[in-house]
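Here is what each chain is made of, one letter per residue.
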Amino acid sequence: MDRDSDLSDSLMQAGRALRRRWWTALEEWDVSPHQARALRTVCVQGEARLSEIAAKLRIAPRSATEVVDSLEQRGLVERRPDPADRRAVLVVATDAGRETYAVTDHARHTAAAEFFGRLSDPEREQLATLLHRLLD
């Protein structure tokens, strides 16, 4: 079998396995990984434009609007006018959004720690180095 194809398949399987763990970890809060990542972006930055959220999630701006709409319907974020640009809107986390971010981010870290726990610290460092090189 082609070694690069096998490596590609293994990497894709590992990514899907990690994503499944994250989905499972987030089920309790009825939050999808995209919603959790969008909420994380808003909470970490304090506020974010839809274009920034789309860029962080690597999705189309229209899709980011749908993600933010779902968070807004649940009372986790709100839209505010951007004082620097009347045409732009900022997305800001509510108190409930910050609380949800705190617990879902902890769940994400726990799921990742369990997944990567099979690797030693040097192996984790090596994997991180290799992945960063591939993504640069």
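Residues numbered from 1 in each chain as written. Predicted model: local features only at pLDDT ≥ 70, side-chain atom pairs only at ≥ 80, totals over all residues. Heavy atoms only, no water.

**Q** Tell me about the pattern of salt bridges, and name the residues and values.
**A** For the coordinates displayed, the defined rule picks out 10 salt bridges. Arg49 is the partner of Asp85 in a salt bridge, and the nearest nitrogen-oxygen pair spans 4.0 Å. In this pair, Asp85 sits in strand β3 (residues 85-93) while Arg49 sits in strand β1 (residues 48-49), placing the two residues 36 residues apart along the sequence. Exposure remark for Asp85: the relative accessible area of 18% places this residue in the buried category. A salt bridge links Asp85 to Arg87, with the shortest nitrogen-to-oxygen separation between them at 3.3 Å. Beyond isolated ion pairs, a larger network of salt bridges with shared partners links Arg49, Asp82, Asp85 and Arg87. (Salt bridge = Lys/Arg side-chain N within 4 Å of Asp/Glu carboxyl O. Helix = DSSP H or I, 4+ residues; strand = E, 2+ residues; numbered from the N terminus. Buried < 20%, exposed > 50% of the residue type's maximum accessible area, 1.4 Å probe, protein only.)

**Q** Now, about the packing of aromatic side chains: what can you tell me, with residues and values included?
**A** Evaluation of the coordinates by the stated rule reveals 1 aromatic pair. Geometrically, the ring pair formed by Phe115 and Phe116 is edge-to-face, given 5.1 Å between the ring centres and 85° between the ring planes. Given the relative accessible area of 14%, Phe115 is considered buried. The exposure class of Phe116 is partly exposed, given its relative accessible area of 24%. The residue whose ring lies beneath Arg108 is Trp22, and the NZ or CZ to ring-centre distance is 5.9 Å. (Phe/Tyr/Trp six-rings, centres within 6.5 Å; stacked < 30°, edge-to-face > 60°. Lys NZ or Arg CZ within 6 Å of the ring centre and 35° of its normal.)

**Q** Go over empty space enclosed by the protein, please, and point to the residues and values.
**A** Applying the stated criterion across every chain yields a total of 1 cavity of 30 Å³ or more. Of the voids in this model, the largest cavity is the one considered here, and its volume is about 30 Å³. In this structure, the largest cavity is lined by Trp22, Ala36, Arg37, Arg40, Tyr101, Thr104, Asp105 and Arg108. Of all the secondary structure elements, the ones that give two or more residues to the lining of the largest cavity are α2 (33-45) and α5 (95-116). It is α5 that contributes the most residues to the lining of the largest cavity, 4 residues altogether. Looking at the lining of the largest cavity residue by residue, the class counts come to 3 nonpolar, 1 polar and 4 charged. (1 Å grid on protein atoms, 1.4 Å probe; cavity = no way out; pocket = protein on both sides within 12 Å on 5 of 7 lines; lining within 4 Å. Points joined across faces, edges and corners; volume = space filled by probe spheres on them. Nonpolar A, V, L, I, M, F, W, Y, C, P; charged D, E, K, R; others polar.)

Any functional reading would require information that these geometric values do not contain.
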